[in-house]
Protein chains: 2
Amino acid sequence: MKKILLIILDGLGDRPNRALGNKTALQAAFKPNLDYLADNGVTGLMSPVGFGIRSGSDTSHLSILGYNPREYYTGRGPFEALGLGIDLQPGDVAFRANFASVENGRVTDRRAGRIKDTTELSRSLETEIDGVKFIIKSGVEHRAALVIRGPNLSDRVSETDPHAINSDIMLTKPLSPEAEFTSSVINKFLIRSREILNNHEVNKKRIQNGEKPANEIMIRGAGKLPEMPSFEKLYGLKAACVSGTPLIRGIARMAGFDILNVSGMTGRTDTNYENVISAAVDALKTHDFVLVNIKGTDIAGHDRKPELKREVIEKTDRAMEGLKKLLDTTVIAVTGDHSTPCSFGDHTGDPVPILISTSGITRDYVKTFDEASVSLGYYKITSLDIMPLLLSYSDRSEKYGA
Amino acid sequence: MKKILLIILDGLGDRPNRALGNKTALQAAFKPNLDYLADNGVTGLMSPVGFGIRSGSDTSHLSILGYNPREYYTGRGPFEALGLGIDLQPGDVAFRANFASVENGRVTDRRAGRIKDTTELSRSLETEIDGVKFIIKSGVEHRAALVIRGPNLSDRVSETDPHAINSDIMLTKPLSPEAEFTSSVINKFLIRSREILNNHEVNKKRIQNGEKPANEIMIRGAGKLPEMPSFEKLYGLKAACVSGTPLIRGIARMAGFDILNVSGMTGRTDTNYENVISAAVDALKTHDFVLVNIKGTDIAGHDRKPELKREVIEKTDRAMEGLKKLLDTTVIAVTGDHSTPCSFGDHTGDPVPILISTSGITRDYVKTFDEASVSLGYYKITSLDIMPLLLSYSDRSEKYGA
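Everything quoted here is computed from the prediction, not taken from an experiment.

Quick look at the overall build of chain A
Item 1. Secondary structure summary: chain A contains 15 helices and 14 strands in total.
Item 2. Projected onto the principal axes, the alpha-carbon positions of chain A cover approximately 70 × 50 × 35 Å.
Item 3. When each of the 402 residues of chain A is scored for burial, the buried share is 60%.
Item 4. Total accessible area on chain A is roughly 16100 Å²; 47% of this is exposed by carbon and sulfur atoms.

What about the UniProt feature "domain: Metalloenzyme" (unreviewed entry) in chain A?
Item 1. UniProt feature "domain: Metalloenzyme" (unreviewed entry): in the numbering of this structure it lies at residues 2–363 of chain A.
Item 2. Within residues 2–363 of chain A, the helical portion is 32% and the strand portion 22%, while the C-alpha atoms at the span's ends are 18 Å from each other.

Focus: the packing of helix H11 (residues 273–283) of chain B against helix H13 (residues 306–319) of chain B
To characterise two packed helices, one gives the angle between the axes of the helices and the distance between these axes.
All names here are of chain B.
Item 1. As a packed pair, H11 and H13 sit with axes 8 Å apart at the nearest point and diverge in direction by 45°. In terms of axis orientation, H11 runs oblique to H13. Viewed along their axes, H11 and H13 form a crossing whose handedness is right-handed. Taking contact as the criterion, the partners of Tyr 273, Glu 274 and Ile 277 in H11 are, on H13, Val 312, Lys 315, Thr 316, Arg 318 and Ala 319.

Some points on the pattern of salt bridges
Item 1. Applying the stated rule across the entire model yields 53 salt bridges over all chains.
Item 2. Of the charged contacts, one joins Glu 141 of chain B and Arg 143 of chain B as a salt bridge, the two residues approaching to 3.7 Å between their closest N and O atoms.
Item 3. Using a relative accessible area of 24% as the deciding quantity, one classes Glu 141 of chain B as partly exposed.
Item 4. Across the pair Glu 311 of chain B and Lys 315 of chain B runs a salt bridge, and its minimum N-O distance is 3.0 Å. Here Lys 315 of chain B and Glu 311 of chain B lie together in helix H13, a separation of 4 residues that amounts to about one turn.
Item 5. Its relative accessible area of 31% is what places Lys 315 of chain B among the partly exposed residues.
Item 6. Each of Asp 10, Lys 295 and Asp 298 of chain A takes part in salt bridges that share partners, so that together they form one network.

As for helix H5 (residues 76–83) of chain B
An α-helical turn contains 3.6 residues, so any two residues separated by three or four positions project in the same direction.
All names here are of chain B.
Item 1. Of all 8 residues that make up H5, 6 are buried, and the element is covered over most of its length.
Item 2. For H5, every residue scored as buried is listed here: Gly 77, Pro 78, Phe 79, Glu 80, Ala 81 and Leu 82.
Item 3. Contacts from the buried residues of H5 go to helix H3 (57–64), helix H4 (69–72), strand E3 (93–103), strand E7 (143–149), strand E8 (216–223) and helix H10 (246–254).
Item 4. Just beyond H5, the residue with positive phi is Gly 85, at close to 90°.

As for the relation of the copies chain A and chain B
Item 1. Least-squares fitting of chain A to chain B yields an RMSD of 0.3 Å, with the transformation described by 0.3 Å of translation along the axis and a rotation of 124°. In symmetry terms, the pair is related by a three-fold rotation axis. Minimal C-alpha separation from the rotation axis in chain A is found for Leu 376 of chain A, amounting to 3.3 Å.
Item 2. Here only 6% of the contact residues of chain A are again contact residues in chain B; the copies associate through non-equivalent surfaces.

Considerations on the pairing of strand E8 (residues 216–223) of chain A
Residues and elements named next belong to chain A.
Item 1. The element E8 is extensively covered by neighbouring structure, given that 6 of its 8 residues are classed as buried.
Item 2. Note that strand E3 (residues 93–103) and E8 share 6 bridges and pair antiparallel. When the sheet's bridge partners are listed, Ala 94 is paired in E8 with Gly 223.

Things to note about the interface of chain A and chain B
Item 1. With 34 residues of chain A in contact, the opposing surface of chain B contributes 24 residues.
Item 2. When the buried area of chain A at its contact with chain B is split by residue, Phe 51, Arg 54 and Lys 380 of chain A rank highest and sum to 26% of it.
Item 3. The tally of links between chain A and chain B comes to 1 salt bridge.
Item 4. In this structure, the connection of chain A to chain B is made through 14 residue pairs in polar contact (both at pLDDT 80 or more).

Describing helix H2 (residues 32–39) of chain A
Item 1. Of all the 8 residues making up H2 of chain A, 6 are buried; the element is thus mostly covered by neighbouring parts of the structure.
Item 2. Of the surrounding elements, those touching the buried residues of H2 of chain A are strand E2 (41–47), helix H13 (306–319), strand E12 (330–335) and strand E13 (352–357) of chain A.

Structural notes on the packing of helix H3 (residues 57–64) of chain A against helix H10 (residues 246–254) of chain A
Residue and element names in this part refer to chain A.
Item 1. Viewed as axis vectors pointing N to C, H3 and H10 meet at an angle of 35°, and their least axial separation amounts to 10 Å. In the crossing of H3 with H10, the sense of the turn from one axis to the other is right-handed. Contact residues: H3 offers Ser 57, Asp 58, His 61 and Leu 62, while H10 offers Leu 247, Ile 248 and Ile 251.

Parameters at a glance
- Once a new chain begins, its residue numbering starts again from 1 and follows that chain's sequence as written.
- Whichever chain is written first is A, and whichever ligand is written first is 1; the rest continue in order.
- Per-residue local features are limited, in this predicted model, to residues with pLDDT of at least 70; the limit for side-chain atom pairs, both in listing and counting, is 80 or more; totals at the level of whole chains, interfaces and linings are taken over all residues.
- Side-chain figures throughout are based on the complete set of non-hydrogen atoms in the structure, without hydrogens or water.
- Runs of E in the DSSP output that reach at least two residues are strands. Runs of H or I that reach at least four are helices, and both are numbered from the N terminus.
- Each residue gets one of three labels from its accessible area relative to the maximum for its type: buried under 20%, exposed over 50%, partly exposed in between, using a 1.4 Å probe on protein chains only.
- With residues, only the protein chains shown are counted as cover, and all accessible areas are computed by Shrake-Rupley using a 1.4 Å probe.
- UniProt positions are given in the numbering used here, feature names are shortened, and annotations may be inferred rather than shown by experiment.
- Only the contacting stretch of a helix is used when fitting its axis, a line to C-alpha atoms as for every element, and angles between N-to-C directions run 0 to 180 degrees.
- Oblique is the label for any angle not covered by the other classes, which are roughly parallel (under 35 degrees), roughly antiparallel (over 145) and roughly perpendicular (65 to 115).
- Helix crossings are classified by the rotation of the near helix relative to the far one: an anticlockwise turn of less than a right angle makes the crossing left-handed, while a clockwise turn makes it right-handed.
- Contacts were defined at the residue level, with two residues in contact if any of their heavy atoms lie within 4.5 Å.
- In the sections that follow, a salt bridge refers to a side-chain nitrogen of Lys or Arg positioned within 4 Å of a carboxyl oxygen of Asp or Glu.
- Superposition of the copies used a least-squares fit over C-alpha atoms from residues whose pLDDT is at least 70 in both.
- In this scheme, strands are said to pair when DSSP sees at least two bridges between them.
- Each of two parts loses accessible area, computed with a 1.4 Å probe, when they are put together; buried area is these two losses added.
- We call two N or O atoms a polar contact when they sit within 3.5 Å, provided that within protein one can donate a hydrogen and the other can accept it, with sequence-adjacent residues counted only if both atoms are side-chain atoms.

This is the structure in structure tokens:
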């Protein structure tokens, strides 16, 4: 039995970039270690969740770890809350929240003039009503997450986002009888919030400056944490996660992973790549399965910066120099969780290269790790196929049949 | 967001033909435009419905458009009726019908001596009984479709085809209580039909000529039109269909497509290829999605004519000359709905080449559009994967997750 090291370069898949001579970031990158692993292993194209599906990092990581998102993805609320670093607990109900602008009871801007920072506003709304704790965390621009914590809460409540300007502001309604308490306590919170936000210094200043106030918080995507069997229970693997990204750490925690903290790990392009990979190698001594997520490739894709994406790949590759000597005892797999082409600036449904390397493995003809090269490789799979393959190559699969 | 042009060469997939130097029709054809699109895009092999499934044009087109035939295919009756050009309406019950020969109440030939033309016979049977209209349309040889139209009709009636000669002729039975009226009115029709057919001039002449009479109509495959969500509702795409084939037009109409009429479009090998492609290009100005079906490749396959199949491909390719300049604004995909190898003369479960081309797409190494070449390409998919891929490549997918 071998250990398993799975390195996810977030948003790895790319399309041709003019700035890189019509190459993808992977095609343009100097990456001898990734190529070594591709050469000494099997490769292919992996479609996250399914062919052509434009998946998020949440649905994709769930599926890579073998949790089918059709079963375990409980909506944006809980996953956005995880992504913002809220320590979501069983029983909590989480919402995606937007700060919006309201005048005379009508929505004038669903994004509050794309306000830059709502941290102070969010903080002013945190409270406890009827034994229910309200936790609000600001995201980028007008975005935030609301988590309510207390006994007997239900996620069967309606959204309060009218999805159109000039609409009346809304309160939530119970969608089934057991949600009546939850709905009423949220409405108390919303009414209280309007008062606080309308009188808040931040909004007074915005109005003085001719900007739209962020005086309404609209909620949607109600959901609870899914009840997932632990990774250890599913596969008998003691697992650790090395990632600076709250969403990935949250998902790994839900699966029962040990969440490692690493000096210099930022979850940004300026992360300490050497430390991240070293921490993973260290973790392999005490764990059977280590998941690494490098977020920089996705950030560069969203920011439409092909040179930066190439640089993140090259830095990751350099940090992987020492991994070759682990192949006798470890299955090393590298892929992305989805494509974030720099030319598009967001996730697409393009498949992502994958490599699996270990000693003694049958090699395909692919010697280079990039989109076109691995299309000549062993596999055309979806993310749900990854765990069975890793278990098999690490000699950990149960035989199915006799 | 880009427009989508999906060109289906019906029955495109082929096997080696001795007459073409052991090449498939695609391998033997001169098709610079198809090769250009393959070179400037991604390619692969597409298995209609599922790997090895020997699908019909109906089940395959349903699945290509994202309607899983396991859910939406309601049997041969309605789809054969559509295929014969009957304007099937909601509530109608449709049957596959066969003209058969009967002597002394026993079936002597289930295909009525493979009678050439039953048009006159079919016409003589059209009638209205107890408020139910009986519509019969002749197909090839002994084949026909029966459609009954009226209030409160049920498709839960048994077939009247004994599937063996020397069996007694049959009447239909209700398979559930609500089908009693339907069953009884059909039986009135069947009894009346026997009298008409036995006394029909066509049959009297056949008997004089020593041929078997077509004096019984046997029905099976009862079904209603499936209730399908419209293409626009499913994908937000305003869609048009360019096809001279009643079955394809019928399926597209069920999905809410605009059905275009094109001068010179015959649905045969003698169709006006230039007009067909021009009409599709025109339709892209007012629609998001245009489906073209070229039937000639399938006809040539059924007729075991490899040179003709090659010719249909070459004529289609020539008509596609102008498509290259659309790639900045359009995703162009070309595939077949199934394989109809000339060496077999009918549909097989062989996978079919597919190409997807648009500006900015990641290219695989495939430069030629044929069965073997595209096997080195990006995808090994089923027809149900096509719509997600087209939506993703046209930047129209919703993100699944965050």
